[in-house]
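Summary of the model geometry
So you can see what is in the structure, the chains are spelled out below.
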Amino acid sequence: MTPSTVPRRLTPTLTVETVRTNPRIDQARAERLVARWNAAYPAMRMLLDTIIAAQRGATRPTVDLPRLERARRELGQVDRGTHRVCTRSEPFFSPIAAGWLVEDVIAITHIGRPYAGVIYRLAAELADLAVEDLPPGVEHTAEEAL
């Protein structure tokens, strides 16, 4: 697909400014994350759209369809910068919340797919940011520190 043939809903819109709504993420990390997001988001959406459509028509779905539908909806919110960690909060970029959503996509992604690498790289970037985003005083076990 060329950029002009990518459906509008698959065109990533996450910006550095949106990521920087989280004060713990600096400019350089935000730029790297946005680059990874922009590479992975269209693939994640197409994968979710395909699996959800196939599973809706299945006699016995083999995946947790409501969970995938929620992940698709919330990934779109993260992409648009409208995702709220809590219903009473302002829109805010959370690497932990985004990581959980990407984890739902990874659960249905086969490692041998052409787009798997960009999704896993995004997950790794979010995982690194999530560790740094933990509130002060949260301690890791010795196993988690490895």
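Described below are features of the structure shown in this document. (Residues numbered from 1 in each chain as written. Predicted model: local features only at pLDDT ≥ 70, side-chain atom pairs only at ≥ 80, totals over all residues. Heavy atoms only, no water.)

Things to note about the nonpolar core
Burial of nonpolar side chains together is a common tendency in soluble globular proteins. Where we set the bar: Among the buried residues, those of types Ala, Val, Leu, Ile, Met, Phe, Trp, Tyr and Cys that are joined through side-chain atoms within 4.5 Å form a nonpolar core. Partly exposed describes any residue whose relative accessible area lies between the buried limit of under 20% and the exposed limit of over 50%, with all areas from a 1.4 Å probe on protein chains only and scaled to the type maximum. Per the convention used, a helix needs a DSSP run of H or I reaching at least four residues, while a strand needs a run of E reaching at least two, with both numbered from the N terminus. Working rule for contacts: check all heavy atoms of both residues, and any pair within 4.5 Å makes them a contact.
Within the largest apolar cluster, 31 residues are counted, with the highest numbers of intra-cluster contacts made by Met44 and Leu75. Mapped onto this core, the elements with two or more residues apiece are α1 (16-19), α2 (27-56), α3 (65-80), α4 (95-106) and α5 (116-132). In terms of residues, this core owes the most to one element, α2, which gives 11 residues. Among all residues touching Met44, those that are not within four sequence positions of it are Trp37, Leu75, Val102, Val105, Ile119 and Leu122.

Here we look at the packing of α4 against α5
Packed helix pairs are characterised by how far apart their axes lie and by the angle those axes make with each other. Convention followed: Angles here are taken between N-to-C directions and fall from 0 to 180 degrees, while the axes themselves are lines fitted to C-alpha atoms, restricted in helices to the stretch in contact. Should an angle fall under 35 degrees it is called roughly parallel, over 145 degrees roughly antiparallel, and 65 to 115 degrees roughly perpendicular, with every other angle called oblique. For a crossing to be left-handed, the near helix must be turned anticlockwise from the far one by less than a right angle; the clockwise case is right-handed. Polar here means any residue outside two lists: the nonpolar Ala, Val, Leu, Ile, Met, Phe, Trp, Tyr, Cys and Pro, and the charged Asp, Glu, Lys and Arg; Gly therefore counts as polar.
Contact pair α4 / α5: the axes reach a minimum separation of 9 Å and the direction vectors enclose 150°. Between α4 and α5, the angle falls in the class roughly antiparallel. In the packing of α4 onto α5, the handedness of the crossing is left-handed. Taken together, the residues of α5 that come into contact with α4 (itself represented by Pro95, Ile96, Ala98, Gly99, Val102, Val105 and Ile106) are Ile119, Tyr120, Leu122, Ala123, Leu126, Leu129 and Ala130. For the contact of α4 with α5, a count of residues per class yields 13 nonpolar, 1 polar and no charged.

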